[in-house]
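# Analysis of the macromolecular model
So you can see what is in the structure, the chains are spelled out below.
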Amino acid sequence: MRAVTWQGKRKISVESVPDPRIEEPTDAIIRITSTGLCGSDLHLYEVLTPFMTPGDILGHEPMGIVEEVGAGVPDLMAGDRVVVPFQIACGNCWMCLNALPTQCETTQVHGEGMGAALFGYTRLYGAVPGAQAEYLRVPQAQFGPIKVPEGPPDDRFVYLSDVLPTAWQAVAYADIPVGGSVAVLGLGPIGDMACRVAQVRGAGRVFGVDLVPERLERARARGVETYDLKSFDSEKELVAAIRDETDGRGPDAVIDAVGTEAHGSAAAKLTQQAAALLPRAIGAPLAERFSVDRLAALHTAIDLVRRGGTLSLVGVYGGMADPLPMLTLFDKQLQIRMGQANVRRWTDEIIPYLTDEDPLGVDDFATHRVPLDDAPHAYEMFQRKREGAVKVLMQP
């Protein structure tokens, strides 16, 4: 089969690799019909390279048709149309039964001290072959895949794999009062969708911050009060402008949908780049013990949110030695929630919104649809924020 493979920093290629096969009774084989390119994939492209191995298959946002199932998968059959969550979880352990499948005790990557295994996301999360491919082996298929109806195009359902539950959890964790206010930092796919989810869940005012014109325009067209970071001389001015709209306090909640690749912090950027350039045997231990994130977005979120408010961190962070303003966090009495989305925790709440009325705008959410063989260009375009790329779907 053809698959998108990691070959080095900023080097992606589409290669012929062996077809996946059933290895355990709880496996299924899915023929991929659509698969997304996620902002998290760009961390592998740029920052998390010490944890990658040439030839790793990328991707974790798939849907498709069941081709084959193992004997331990009673509720799927060949021909079923399914969406596959990005994490791999059993559905039966204590963590899964308590709505935390990202911490699944069956698939936790104990050797790395990490949570549940993820598709296509470094050795830290199990080095499981990813979903930007023609076919995918799905472990724990008795729990993970979400059956969806025939008829509507893939765009209606594919975001159940990651974008929708990640944005939904970000808003749920933000704990926005009904009629209250939230600021979303970063209007990429997750931030954009988080704005939409906040609106349908009853937020009174939604502020969106970014510096890419196309992203700002998309959000503005859906009623988000947008702020172009480039129009302010400093982030302090941005914070002041939004505070002026919230009685001088700041919004009730702030969602950081940017994560580690925020602009700013030249020293942190240099550290990330140095670790990525070192041989993996040296760079990986350095990154694990001493890595730091570029924290511009997080510091802005801490400054912006009102006292007693909530920070919801949905952008990926990977630092182990990040300096944090603990005095400010303590003094402002902030609540902070974060983590990978617990996909199956939220999907039953989301599916009723995937109707013909399309209140979340999923049908035209993708800005680009490309063949799988165009993946190298898609990665470069998305990483450099060119050609109006906000969300890219690939079709094998």
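Residues numbered from 1 in each chain as written. Predicted model: local features only at pLDDT ≥ 70, side-chain atom pairs only at ≥ 80, totals over all residues. Heavy atoms only, no water.

So, on to the overall build of the protein. Helix and strand counts for the protein stand at 12 helices and 15 strands. In summary, the protein has a C-alpha radius of gyration of 20 Å against a globular reference of 21 Å for 396 residues, a match within 12%. Oriented by its inertia axes, the alpha-carbon framework of the protein measures out at about 60 × 50 × 45 Å. Each of the 396 residues in the protein was classed as buried or not, and the buried ones make up 56%. (Helix = DSSP H or I, 4+ residues; strand = E, 2+ residues; numbered from the N terminus. Rg over C-alpha atoms; globule rule 2.2 N^0.38 Å. Buried < 20%, exposed > 50% of the residue type's maximum accessible area, 1.4 Å probe, protein only.)

For strand β9 (residues 205–210), the buried fraction is high: five of the six residues fall into the buried class. Where strand β8 (residues 181–185) and β9 come together, five bridges link them in parallel fashion. Looking across to β9, one finds that Val182 is bridged to Val206. For the crossover from β8 across helix α4 (residues 189–200) to β9, the handedness is right-handed. Handedness of the crossover joining β9 and strand β10 (residues 225–228) through helix α5 (residues 213–221) is recorded here as right-handed. (Pairing = 2+ DSSP bridges. Right-handed = clockwise from strand over helix to strand, strands pointing away.)

Time to look at the sheet that holds β8. Strand order across the open sheet formed by six strands is β10-β9-β8-β11-β12-β13, with parallel pairing between neighbours. Every interior strand has two partners, whereas the edge strands, β10 and β13 (335–338), have only one. Each strand of the sheet is rotated relative to its neighbour by a mean of 20 degrees, with strand direction disregarded. (Axes fitted to C-alpha atoms, helices over the stretch in contact; angles between N-to-C directions.)

Here we take up the UniProt feature "domain: Alcohol dehydrogenase-like N-terminal" (unreviewed entry) in the protein. As annotated in UniProt, the feature "domain: Alcohol dehydrogenase-like N-terminal" (unreviewed entry) corresponds to residues 25–146 in the numbering used here. The distance separating the terminal C-alpha atoms of residues 25–146 is 18 Å; by composition the span is 10% helix and 21% strand. (UniProt positions renumbered as here; feature names shortened; annotations may be inferred.)

Here we take up the environment of Pro20. With respect to the secondary-structure elements, Pro20 resides in the loop between β2 (11–16) and β3 (28–37). A residue is classified by how much of its surface remains accessible, and Pro20, at 23% relative accessible area, is partly exposed. C-alpha separation for the pair Pro20 and Val138, spaced 118 residues apart in sequence, amounts to 9.4 Å. If we skip the residues at most four places from it in the chain, Pro20 touches Met1, Ile29, Tyr135, Leu136 and Arg137. (Contact = heavy atoms within 4.5 Å.)

Attention now goes to the pairing of β2. Across six bridges, strand β1 (residues 2–8) lies against β2 in antiparallel orientation. Within β2, the residue paired with Gly8 across the bridge is Lys11. Counting the residues that bridge the hairpin from β1 to β2 gives two residues, and of these Arg10 lies at a positive phi of roughly 55 degrees.

Under the definition given, this model contains six aromatic pairs. Considering the side-chain rings of Trp168 and Tyr353, the 5.4 Å spacing of their centres and the 55 degrees angle between planes classify their relative orientation as tilted. Highlighted residues: Trp168 in helix α3 (residues 163–174) and Tyr353 in the loop between α11 (343–350) and β14 (368–371), separated in sequence by 185 residues. Grouped by ring-pair contacts, the aromatic residues Phe207, Tyr227 and Phe232 constitute a single cluster. One Lys or Arg, Arg218, reaches over the ring of Phe365 and ends 5.0 Å from the middle of that ring. (Phe/Tyr/Trp six-rings, centres within 6.5 Å; stacked < 30°, edge-to-face > 60°. Lys NZ or Arg CZ within 6 Å of the ring centre and 35° of its normal.)

This next bit is on the side chain of Thr5. Mapped onto the elements, Thr5 comes out in strand β1. You can call Thr5 buried: its relative accessible area is 1%. For Thr5, the side chain forms a polar contact with the side chain of Gln7, separated by 2.8 Å. Beyond its immediate chain neighbours, meaning those up to four positions away, Thr5 contacts Lys11, Ile12, Ser13, Glu15, Val17, Gly55, Asp56, Ile57 and Leu58. (Polar contact = N/O pair within 3.5 Å; in protein donor to acceptor, adjacent residues only side chain to side chain.)

The next subject is the pattern of salt bridges. Within this structure, the stated rule accounts for 24 salt bridges. The partner of Arg369 in a salt bridge is Asp155, with the nearest N and O atoms 2.4 Å apart. Placement of Arg369 in strand β14 and of Asp155 in the loop between β7 (146–147) and α3 is noted, with a sequence separation of 214 residues between them. The exposure class assigned to Arg369 is partly exposed, which follows from its relative accessible area of 42%. Notably, a salt bridge pairs Glu225 with Arg205, separated by 2.7 Å at the nearest N-O pair. Of the two residues, Glu225 is situated in strand β10 and Arg205 in strand β9; the sequence distance between them amounts to 20 residues. When salt bridges that share partners are traced, they join Glu23, Asp27 and Arg137 into one network. (Salt bridge = Lys/Arg side-chain N within 4 Å of Asp/Glu carboxyl O.)

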